[in-house]
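Tertiary structure, described
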Amino acid sequence: MSVQELEKEQAPKHVQLGLTGWLRWAWRTLTSMKTALILLFLLALGSVPGSLVPQRGVDPDKVALLYQQNPTLAEWYDRFQLFEVFSSTWYAAVYLLLFTSLIGCIIPRTATYLRELRRKPPAAPKNLSRLPHFASFESGLTASEAAWRLRKRRFRVVTGDGWVSAEKGYLRETGNLLFHIALLGILFSVGFGSLYGYRGNVLVVEGDGFANTVAAYDRFIPGNQVSAESLEPFSFQLSDLKVAYQLTGEKRGQALDYTARLKVNDHPGSPARDYDLKVNSPLEVDGTQLYLIGNGYAPVFKITDGKGQVAYEGPVPCLIEDKATMTSGCVVKVPDAQPSQLGFLLRFLPTSVPLTDGTYASAFPADVNPQVEILGAFSGDLGVNSGKPQSVYTLAEPEVLRKLKRLFMGSNTPKPLAVGQSVDLPDGLGKLEFTGVKKWITLQTSYDPGRMPALVAAGTAVIAIMLSLLIRRRRVFVRVKEGGTVDVGGLTRTEGNVAGFHEEFAEIVKVLSAGDKDVR
Amino acid sequence: MSAEQLAGLSDLFVVAAVLLYVFAMVGFAIELAFGRARPDRIAGRPSDGVAESADQQVTVKEPVAVGAGAGSAGDVVTAAGPLVASGGGPVDPSEPGTGTAMAGKVALGLAWLGWAANLAAIVSRGLAVERWPWGNMYEFVVAISFAAVTAFLFTQLRHSVRFLGPFVMVTAALGLGLAVKVFYTSAGPVVPALDSYWIAIHVTAAIIASGLLTLAGVAGILYLVRGDGMSRLPSRDDLERVAHRAIVFAFPVWTFAVIAGALWADRAWGRYWGWDPKEIWSFITWVAYAAYLHARVTAGWRGRAATIVQLLAFGCLLFNLIGVNVFISGLHSYADV
């Protein structure tokens, strides 16, 4: 818009009447209701792919999957920015045009409205019986008395020679304008929040801690204006996670409650406070929110290598493979093992039960009878030091995996291990011991300075839209004729509320026709 | 009574509600079928907007226009008249005193009974599970059917909208049938994410808005089905008025429902708006109904075009309430479909 306005200002200097005319035409077209309607449709239509195509900001794994499965389609999607619809240029073009159109509509309407607020209601028409609402009665009502009674009903009143003109419902347009301004407020709040806010995800195992620094996050999404120093320096320790499950009935195994017990230090050096983090009650530290997003199991292993040294000891977070039973897949890499590196593919069963065909499965999500099933054990160079980026949740690339020596695989895998049990690796290469079970939680921290402004704007929008849609602008006219006949006429131009006004009009007529004593 | 017994009772009430709605539908349909045919417009009756009544008789050259738009001062305004002080409630569809009117009255009684059964189903379900009874798709659809019937019956208390009866009843019966046949979920607790007081605020608002919008959608479909001229179906003016009024009430409620959802998301998911499929579709629905409200005041869009916009918006609403849960996975997918 600014460019357009700039050009608009410069245009007369060029003495090109055609250009000004053209610009005026463009501005008028943009701010017309029809254009606004078309833009609204485009906005709705443009949002649709955002729900059908996986979005990078919401589900990056699905985007990666699509690239694997159908690279050509993914390329085309990417060309049209369909993986990030809501930050794409074409989507921005639609909503910026819409808001420009909105501003172009609000400003002149506000000016008109302000003029209207200062103007008095117009004189009463000569023949009130022509109005949509009309009543006539005989009484000794004077014009000034009628005006007083209408003023009591909070009408804005003008009187003349034997007539009264009254108007009410100015808040309708106030609501209308305020609603549209509030929408602009929401847009600016969201924009502000995404510039100065950040989000981060982190996985924490029971007993471990977290300090709010960029490096501590597994995934960190900062706004453009966020620097490493702008993070609140809080830290916490995860004591434990308690999960309650439904034990009986058809919903057996459904999670009922997650409670992560934290010891939180709001600032470095400040005393630790206890906090029970739950799904619907985030922890707030100086405007930064901390949310409990997910959880899982991290069995603890002690791995001794071929030389008898402890090459690894600690919990290994496993990825959930089946949510209903919390059956999880684990990858353990032991790059420090001697004489050769070790790698394990394991399956964690929280409540292990043997099946009739000799395999094992988890029957319940809680760790009632935790066991670890060895799916495969390998020795050889895992390629950890190759310099390529590695995922902790996959053992190795297929080409690396092929070169490894298989210690356990397929039919020669041992029985699942219970806590405290261990298995010796073939060829004296070492020992795997399952020593305990811990849980992990995933947390999201978010800092969004646009939150409160957005809430205020949204609250304003709701109240304003109610004023705008539910209040009607109405006028009531009274003419006192000679001989004591009083004519009352009323009209409203608000659509859809005629029936309501009919009742109000009848009420007004009742008040006006009532004798002196009945008037409250 | 034990939780299982209450849950069983709730299921019985749902079946009772379906049957009562079907009987009520038959009664309303008899009234409509044997009643009097109506023209597509009702002449000589005050229309909603002054500008709307194109068949004006009188032109008043006074700036009596209430400024609904920009710069209306001194405009020449047309007013429908001359009329006595009688507002325009839709007229009763049938002539009084005939057997058809009796069928309509019986149908209305049956509809109220069905409504009571529907309410009893929701309350007993809530008592059985000891939480707000809209934690999954089954409970949600039962509640929306209830809201739609409530919107119809409570409107009927003040203005005669019996002509909508057969169509609202069939919609409610189909809704309940869909809930029982496709979405049925046995009574039980909800996942921790749903265990919040926000369910009472956000989902209730969504249900109320959806009920009203369903009423508007039914009226909109009839508007398109009904041809010009005489028909046994209600007049276009009546249909449009009912639809518009329902949307005018529903739109702020829907706006509130979306914002309450954002507030809940801010508590539960770590952001108030994250373009989750459900969020996207509730936004699309909101934009589409906003488009309808704008279309109503745009020249050349009033009437048929606005009704088509309204129905497109209603389609978005239905897809959002049901389609998103069935076809697209997202954060709202815990609804047990």
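In the nomenclature of an unreviewed UniProt entry, chain B corresponds to Cytochrome c-type biogenesis protein CcsB from the organism Nonomuraea jiangxiensis. Check the Subcellular location (unreviewed entry) section of the UniProt entry for chain B; it says "Membrane".

Per an unreviewed UniProt entry, chain A goes by the name Cytochrome c biogenesis protein and belongs to Nonomuraea jiangxiensis. As recorded by UniProt, the Subcellular location (unreviewed entry) comment attached to chain A reads in full: "Membrane".

**Concerning the sheet that holds strand 3 (residues 163-168) of chain A**
Residue and element names in this part refer to chain A. If you trace the five strands from one edge of the open sheet to the other, you get 1-24-23-3-2, paired in antiparallel fashion. Looking at the sheet topology across the chains shown, the edges are occupied by strand 1 (133-138) and strand 2 (156-159). For this sheet, the mean angle separating the axes of adjacent strands, direction not counted, is 15°. The sheet contact formed by strand 23 (residues 474-480) and strand 24 (residues 485-492) spans seven bridges and is antiparallel. Residue pairing for strand 24: Arg-479 is matched across the bridge by Asp-487.

**A few points about the UniProt feature "transmembrane region" (unreviewed entry) in chain A**
Residues and elements named next belong to chain A. As annotated by UniProt and renumbered to match this structure, "transmembrane region" (unreviewed entry) occupies residues 36-53, 90-111, 177-198 and 452-471. Between the first and last C-alpha atoms of residues 36-53 the distance is 27 Å; the span itself is 94% helix and 0% strand. Taken end to end, residues 177-198 is 91% helix and 5% strand, and its two terminal C-alpha atoms sit 33 Å from one another.

**Some thoughts on a nonpolar patch on the surface**
Residues and elements named next belong to chain B. A grouping of Val-22, Val-26, Ile-30 and Phe-34 is seen on the molecular surface, where their side chains present a nonpolar patch of about 350 Å² in accessible area. Residue position: Phe-34 is located in helix 1 (residues 3-34). A relative accessible area of 64% means that Phe-34 is categorised as exposed.

**A word on the packing of aromatic side chains**
Summed over all chains, the structure comprises 31 aromatic pairs over all chains. Each ring, one from Phe301(A) and one from Phe434(A), has its centre 5.8 Å from the other, and the planes form 35°; the classification is tilted. Of the two residues, Phe301(A) sits in strand 11 (residues 288-305) while Phe434(A) sits in strand 22 (residues 430-447), which places them 133 residues apart along the sequence. The exposure class assigned to Phe434(A) is buried, which follows from its relative accessible area of 0%. Chaining the aromatic ring pairs together yields one cluster made of Phe86(A), Trp90(A), Tyr91(A), Tyr95(A), Trp273(B), Trp275(B) and Phe283(B). Here Arg79(A) stacks its cationic end above the ring of Trp76(A), 4.5 Å away from the centre of that ring. A cation over an aromatic ring shows up here: Arg236(B) above the ring of Tyr223(B), its NZ or CZ 4.7 Å from the ring centre.

**A short note on helix 6 (residues 236-268) of chain B**
A rise of 1.5 Å per residue sets the reference length of helix 6 of chain B, with its 33 residues, at 48 Å; its end C-alpha atoms lie 45 Å apart and thus fit the reference within 8%. Ala250(B) marks where helix 6 of chain B bends most, by close to 30°; the proline Pro252(B) follows one to four residues later.

**Considerations on the UniProt feature "transmembrane region" (unreviewed entry) in chain B**
Residue and element names in this part refer to chain B. Within the UniProt annotation, "transmembrane region" (unreviewed entry) is assigned to residues 12-34, 106-128, 140-157, 164-184, 196-225, 246-265, 280-299 and 311-335. Segment residues 12-34 splits into 100% helix and 0% strand. End C-alpha atoms: 34 Å apart. Helix and strand shares over residues 140-157 are 100% and 0% respectively, and the end C-alpha atoms of the span are 26 Å apart.

**What to know about the nonpolar core**
Counting 126 residues, the largest nonpolar core has Tyr21(B), Phe152(B), Leu164(B), Met169(B) and Phe251(B) as its most contacted members. Other than its neighbours up to four places away in sequence, Phe251(B) contacts Phe179(A), Ile465(A), Leu469(A), Trp286(B), Tyr289(B), Ala290(B) and Leu293(B).

**Re the domain arrangement of chain A**
Residue and element names in this part refer to chain A. Domain boundaries assigned for chain A yield domain 1 (15-111), domain 2 (120-169 + 472-518), domain 3 (171-194 + 449-468) and domain 4 (198-447). A separation of 21 Å is found between the C-alpha centroids of domain 1 and domain 3. Between domain 1 and domain 3, the contact holds seven residues from the first and eight residues from the second. For the pairing of domain 1 and domain 3, the buried interface totals around 690 Å² over both sides, and the portion due to carbon and sulfur atoms is 81%. A per-residue breakdown of the area domain 1 buries against domain 3 is headed by Phe-99, Ile-106 and Arg-109, which together make up 64% of the total.

Procedures and definitions
Residues numbered from 1 in each chain as written. Chains lettered and ligands numbered in written order. Predicted model: local features only at pLDDT ≥ 70, side-chain atom pairs only at ≥ 80, totals over all residues. Heavy atoms only, no water. UniProt positions renumbered as here; feature names shortened; annotations may be inferred. Pairing = 2+ DSSP bridges. Helix = DSSP H or I, 4+ residues; strand = E, 2+ residues; numbered from the N terminus. Axes fitted to C-alpha atoms, helices over the stretch in contact; angles between N-to-C directions. Patch = residues over 30% accessible without salt bridge, like charges linked within 9 Å, V, L, I, M, F, W, Y side chains within 5 Å. Areas by Shrake-Rupley, 256 points an atom, 1.4 Å probe, with all protein chains shown as cover. Salt bridge = Lys/Arg side-chain N within 4 Å of Asp/Glu carboxyl O. Buried < 20%, exposed > 50% of the residue type's maximum accessible area, 1.4 Å probe, protein only. Phe/Tyr/Trp six-rings, centres within 6.5 Å; stacked < 30°, edge-to-face > 60°. Lys NZ or Arg CZ within 6 Å of the ring centre and 35° of its normal. Expected span 1.5 Å × (residues − 1). Bend = angle between axes of the 7 residues up to and from the residue. Core = buried A, V, L, I, M, F, W, Y, C linked by side-chain atoms within 4.5 Å. Contact = heavy atoms within 4.5 Å. Domains from an automatic or database assignment. Buried area = accessible area lost by both parts, 1.4 Å probe.

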